[in-house]
Amino acid sequence: MPFGNTHNNFKLNYKVEEEFPDLSKHNNHMAKALTKEIYAKLRDKQTPSGYTLDDVIQTGIDNPGHPFIMTVGCVAGDEESYEVFKDLLDPVISDRHGGYKPTDKHKTDLNFENLKGGDDLDPNYVLSSRVRTGRSIKGYTLPPHNSRGERRAIEKLAVEALTSLDGEFKGKYYPLKSMTDAEQEQLISDHFLFDKPVSPLLTCAGMARDWPDARGIWHNDSKTFLVWVNEEDHLRVISMQKGGNMREVFRRFCVGLQKIEEIFKKHNHGFMWNEHLGYILTCPSNLGTGLRGGVHVKLPKLSTHAKFEEILTRLRLQKRGTGGVDTASVGGVFDISNADRLGSSEVEQVQLVVDGVKLMVEMEKKLEKGEAIDSMIPAQK
Amino acid sequence: MAKLTLKWLSAEDEFPDVRKHNNHMAKVLNLEMYKKLRERVTPNGFTIDGVIQTGVDNPGHPFIMTVGCVAGDEETYEVFKELLDPVIEARHGGYKPQDKHKTDLKSENLKGGDDLDPNYVLSSRVRTGRSIRGFCLPPHCSRGERRAVEKLSVEALDSLSGDLKGKYYALKNMTEAEQQQLIDDHFLFDKPVSPLLLASGMARDWPDARGIWHNNNKTFLVWVNEEDHLRVISMQKGGNMREVFSRFCTGLTKIETLFKERGHAFMWNEHLGYVLTCPSNLGTGLRAGVHVKLPNMSKHAKFEEVLKKLRLQKRGTGGVDTAAVGGVFDISNADRLGFSEVELVQMVVDGVKLLVDMEKRLEKGQSIDDLMPAQK
C-alpha cells in the first residue's frame, strides 16, 4: 500500500528486536503464529509486486482482537503472498481451518446437481436463503495493495463480463461514485448497498483507499444474483431469495459463477485458484471455497436450549445475528451458516447447511410441542 | 530494498479522480505533474501516492480547505516540490519557492504580553512541532524508527531540570490512575480518529512508542509520536502569554541542545523553517492562542473582518473544528510560515488586547469604530 513503512529503507538498519511488533496484548491468529525467528527470516522479503511482511501483518498489529473472537490478523496483498510468506501463513491457515496442513489438497465442486435435497426447508421457519463467495482475478494484486489503475481494470473487466450475461442473469451495474440518489435509496431498501468499510480490521489493511473509485454493485433484474466489485475482494458473488429453497439458490450460484468465470478466462484473466488453497482471497479465513451458505431461520426455542451451541458445533455450523457477522439476533431469528471454508467442497458445505438446518427446524417443532430432543442430538460431522 | 510497486499501468490509468475534491492537493495536482512525480521516490522509499493518499481519501468540505497531502520524510519537500511548492504557496499566503523564513525564539524580543486581562483571558497556550533529522515522519516511519525517536526524546526530556523537571508516561503501559489524571489535566491524547490522519498511516502500530511527558508544574508538555515526532506545548491559566512564551522558548531551546548533544538535530532549513508532517505546519509550526470571553464582540458584524485584519483565527474551545461555548473562543495566529515565532506571538498578544478592549466598549454600549485595525 502506498502509505506505511512498506518501502521504508531505514527499517532494515534496525535490529529484529527493534522492529518486531509488540503483540503481548494481542489475541489473533497472526499474533499467535508470528515469532521473532519468522519475522527475522521474512522481513526483507517481498512479493514480485512489492508486498512485504509488514504489510501482511499491519492489520493484526493495529487490531489486538477480542478476548472471545479470534480474528485472523493478516491479509494477502497478492496471490504470491501465500507463497512468499508461507512460514507465517501456513500456521495461521492451519489454526484457522481446523488443522489444514501445507500438504493437504482442497477439492472444488460447483456441480449443484451433487447436492441432495435442499428444496424443502420449511418457509414458516426458514425466512431466506443465501450463498456467497469471493473471487480474485489472476494478474492483479489484491485490495490491500492494488493501485487505482488495477482496481479500475478489474471493474472494467467485471462489468464487461457481467453485462454480457443474459436470461435469469441479465442485470445492471451501479458504480458507487456515480449512483443517483434514487438508485442509492433502492439499493438500500433491497439490502444490496455496501458502504465504505468502517471496520478497522479492513481500513488498517488499506482496503478502503481511494473510496469510492472503481467500486460498484451489479445485480440481475430479479434481484436474486448480486456481485460486489472491489470491496474486500475483487468480486463478491451472492445468490439469494426469500424462503427455504436453498437448492435453487445454490443452482443459480453455481451456474452464475461458472458463466462469469468463462468470460474472465476468455480475457486471459481466470480466477486465482490452486489445488492446495482452492480459491485465493484477501483474508486467509476465506480460502478454499470462500463460501458462506446460510439461512435466516426462526429458532426461538432451540436457541435458548442448553445444547444449542453444542448442536451447532457438531453440525459444523455457526450462528450470527441477522445483521451479519458481529450482530445480535433479533426476535429469535438467527443467521445459520457453514463454519468451514477450506478442506471441504462447495457442495459438501451447502449440504451441511441444508441437512443441519432441516434437523434444527425439526428440533424447534418438537420443542414447541413440549417434547424432548435428546434422541435427535447429532454426532460430530 | 526500495522497490516501486509494479507500474505496468499508465499514469492516466492511475491518476486519482479528484474532480469533486476540495483540498489544496486536489487543486494543484494534474496529470502531467502526476506522470512526472510517479517516477520518483525519496531515498527512504516514499512515493507520490503516499504523499497524496490522505487527500484522495478525504475529498474535503466546501467551506474548509484541508491540505490533502503529507510528507513521509524530510526529502519529500524536495523530491515532490512540483506539487508541494504550489500547495505551500496557496496555503501560506503566497509564500514563494525562493522565500526565506526567519526563526526567532528569543522571548525577550516580545513586547508586553504579560498583562492580558484575566477576567477575559482564561488561559494562554503556545504549541509547535519538531521533527528529528535522520528519521522518517509519522506517515512512513517504521516501528524501530518510532521507538528510537521515543528513546531519544525520553532521554532528552528526563535530563531537564528546575521548573522543567518532569516525567514521561508511555501510552502503552499507563496505569488507570495515571490515565485518569492525564485526562483530568486535559493532557491525554488518544489514537487519532480523524480520517485525515488515519488515511495517511499515522496511527499504525498504536500505541507503540507513543507517550506524554509533562513537567511537575503541568505547564510544559510534550507529545511523542502523534502527528509529528514531537509536539511541544507551554500553557497556563490566565493572560500572561509572555511567561508562557518564555517557558516555551527556554524549553524548546534546551531540548534542541540536548538532542544535538546526542547527534540529532531538528529538521530545519532556511526556506521552510521547521519541517513537519503536514505542510500547514511548516515555518514555525506555531499556534499561540488564548481562551477568551468575547460574547459581545463575537456577535458584532465585523468580528470576522477584525480577526482577518489582525491575522488571527477563531476556534471553539475544544480546538480545531469545534464550536464556541458560552461566548468563549480560542483565538490564535493564523500564519505559520513567513513570520517568526516572536512576530506571531506579538500578533496574538496585540490582537487579543485589542479584542478585549473592544469587548469592554461593547459591554458599555459604546461604539468600536475608532478601534478598527488596519490589515497587519
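Relevant structure appears above.
Residues numbered from 1 in each chain as written. Chains lettered and ligands numbered in written order. Predicted model: local features only at pLDDT ≥ 70, side-chain atom pairs only at ≥ 80, totals over all residues. Heavy atoms only, no water.

### What about the sheet that holds strand β10 (residues 333–338) of chain A?
All names here are of chain A. Selection criterion: Pairing between strands is defined by DSSP: at least two bridges between the two strands are required. The secondary structure listing takes helices from DSSP runs of H or I that are at least 4 residues long and strands from runs of E that are at least 2 residues long, numbered from the N terminus. As a rule, the C-alpha atoms of each element are fitted with a line to give its axis, helices using only the stretch in contact, and angles between N-to-C directions run from 0 to 180 degrees.
With antiparallel pairing, the 8 strands of this open sheet are ordered in space as β2-β3-β4-β5-β1-β8-β10-β9. Lying at the two open borders of the sheet, with one neighbouring strand each, are β2 (171–175) and β9 (317–320). Sheet twist, expressed as the mean angle between neighbouring strand axes with direction ignored, is 20°. Relative to strand β3 (residues 216–220), β2 runs antiparallel, the two being bridged by 5 bridges. Its bridge partner being in β3, Gly 171 is matched across the sheet by Asn 220.

### Quick word on the packing of aromatic side chains
Defined as follows: Each aromatic pair joins two rings of Phe, Tyr and Trp (for Trp, the six-membered one) with centres within 6.5 Å, and gets the label stacked for planes under 30 degrees apart, edge-to-face for over 60, and tilted for any other angle. Buried means the residue's accessible area, taken with a 1.4 Å probe over protein chains only, is under 20% of the maximum for its type, while exposed means over 50%, and partly exposed covers the values in between. Lysine and arginine charges are scored as sitting over a ring when NZ or CZ, respectively, is within 6 Å of the ring centre and within 35 degrees of the ring normal.
Following the criterion strictly, the structure yields 15 aromatic pairs over all chains and no others. Residues Phe 194 of chain A and Trp 228 of chain A carry aromatic rings whose centres are separated by 5.0 Å and whose planes lie at 40° to one another, so their mutual orientation is tilted. With Phe 194 of chain A in the loop between α8 (181–189) and α9 (200–203) and Trp 228 of chain A in strand β4 (residues 225–229), the pair connects residues that are 34 residues apart, well separated along the chain. Comparing Phe 194 of chain A with Trp 228 of chain A, the two get one shared label, buried. Seen from their ring centres, Phe 259 of chain B and Phe 266 of chain B are 5.5 Å apart, and the 55° between their planes marks the pair as tilted. A relative accessible area of 3% places Phe 266 of chain B in the buried class. Within the aromatic cluster, the residues linked to one another by ring pairs are Phe 169, Trp 218 and Phe 225 of chain A. Sitting over the ring of Tyr 279 of chain A, Arg 135 of chain A keeps its end group 3.4 Å from the ring centre. Its end group placed over the ring of Tyr 274 of chain B, Arg 130 of chain B keeps NZ or CZ at 3.4 Å from the ring centre.

### Remarks on the pattern of salt bridges
What counts is decided by this rule: Whenever a carboxyl oxygen of Asp or Glu lies within 4 Å of a side-chain nitrogen of Lys or Arg, that contact is scored as a salt bridge.
Taken as a whole and judged by the stated rule, the model has 59 salt bridges over all chains. Each of the salt bridges in this network shares a partner with another, and the network as a whole consists of Lys 11 and Asp 54 of chain A together with Arg 143, Arg 146 and Asp 205 of chain B.

### A closer look at the interface of chain B and chain A
So the rule is basically this: The contact rule is simple, with two residues in contact once any of their heavy atoms fall within 4.5 Å. When two components associate, each loses some accessible surface as probed by a 1.4 Å sphere; the sum of these losses over both components is called the buried area. Here a polar contact is taken to be a pair of N or O atoms separated by no more than 3.5 Å, where protein atoms must pair a possible hydrogen donor with a possible acceptor and residues adjacent in sequence count only if both atoms sit in side chains. Three categories are distinguished: nonpolar for Ala, Val, Leu, Ile, Met, Phe, Trp, Tyr, Cys and Pro, charged for Asp, Glu, Lys and Arg, and polar for the others, with Gly belonging to the last.
Across the contact, 47 residues belong to chain B and 44 residues belong to chain A. A buried area of about 3500 Å², summed over both sides, lies between chain B and chain A, and 45% of it is on carbon and sulfur atoms. At the junction of chain B with chain A, the criterion picks out 4 salt bridges. Scanning the region where chain B abuts chain A turns up 21 residue pairs in polar contact (both at pLDDT 80 or more). Looking at the side of chain B that touches chain A, the elements with two or more residues in it are α1 (11–14), α4 (48–57) and α7 (143–158) of chain B. A total of 6 residues in the side of chain B that touches chain A trace back to one element, the largest contributor, which is α4 of chain B. Of the residues belonging to the side of chain B that touches chain A, the class tally is 19 nonpolar, 11 polar and 17 charged.

### Overview of α4 of chain B
Most of α4 of chain B is tucked away: 9 of the 10 residues are buried. By the burial criterion, the buried members of α4 of chain B are Ile 48, Gly 50, Val 51, Ile 52, Gln 53, Thr 54, Gly 55, Val 56 and Asp 57 of chain B. Against the buried residues of α4 of chain B lie α7 (148–163) of chain A together with α2 (24–28), α3 (31–37), α5 (76–79), α6 (81–91) and α9 (195–198) of chain B.

### Regarding the environment of Gly 60 of chain A
Along the chain, the position of Gly 60 of chain A falls in helix α4 (residues 53–62). Excluding residues within four positions of it along the chain, Gly 60 of chain A makes contact with His 26, Asn 28, Met 30 and Gly 73 of chain A.

### Examining unusual backbone geometry
Where the residue is not glycine, phi is negative for most of them; where a peptide bond is considered, it is trans in most cases. At the junction of Trp 211 of chain A and Pro 212 of chain A, the peptide bond is cis and its omega measures out at 0° in the coordinates. Along the chain, Pro 212 of chain A turns up in the loop between α9 and β3. At the junction of Trp 206 of chain B and Pro 207 of chain B, the peptide bond is cis and its omega measures out at 0° in the coordinates. Summarising the element assignment, Pro 207 of chain B is placed in the loop between α9 and β3 (211–215). For Lys 218 of chain B, which is not glycine, the phi dihedral falls at a positive 60°. Among the structural elements, Lys 218 of chain B can be located in the loop between β3 and β4 (220–224).

### Description of the nonpolar core
Note the cut-off: Among buried residues, those of type Ala, Val, Leu, Ile, Met, Phe, Trp, Tyr and Cys that are joined through side-chain atoms within 4.5 Å constitute a nonpolar core.
Counting residues in each nonpolar core, the largest one holds 63 residues, and the members touching the most others are Val 222, Met 241, Met 297, Ile 331 and Leu 355 of chain B. Ranked by residue count, the leading element in this core is helix α12 (residues 341–363) of chain B, at 12 residues. Look past the residues within four positions of Leu 355 of chain B in its chain and what remains in contact with it is Leu 294, Met 297, Phe 303, Val 306, Leu 307, Leu 310, Leu 312 and Ile 331 of chain B. By size, the runner-up hydrophobic cluster in this structure holds 59 residues, among which are Phe 253, Phe 334, Ile 336 and Val 357 of chain A.

### Some details on the packing of α7 of chain B against helix α10 (residues 241–261) of chain B
Residues and elements named next belong to chain B. Cut-off, in case you're wondering: Here roughly perpendicular refers to angles of 65 to 115 degrees, roughly parallel to angles under 35, roughly antiparallel to angles over 145, and oblique to all remaining angles. Two helices cross in a left-handed way if the nearer one is turned anticlockwise from the farther one by less than a right angle. They cross in a right-handed way if the turn is clockwise.
Where α7 meets α10, the closest approach of the two axes is 9 Å, and the angle between their N-to-C directions is 120°. One element, α7, and the other, α10, form an angle in the oblique class. When the axes of α7 and α10 are compared, the crossing they make is right-handed. Between α7 and α10, the residues in contact are Leu 152, Ser 153, Ala 156 and Leu 157 and Ile 255, Leu 258 and Phe 259, respectively.

### Examining the sheet that holds strand β2 (residues 166–170) of chain B
Residue and element names in this part refer to chain B. One open sheet accounts for 8 strands, arranged β2-β3-β4-β5-β1-β8-β10-β9; its pairing is antiparallel. The sheet is open, and its two edges are formed by β2 and β9 (312–315), each paired on a single side. On average, each strand axis in the sheet is tilted by 20° relative to the strand beside it, whichever way the strands run. Of the pairings in the sheet, the one linking strand β1 (residues 121–130) to strand β8 (residues 287–293) comprises 6 bridges and is antiparallel in character. Bridging across to β8, Arg 125 finds its partner in Gly 289.

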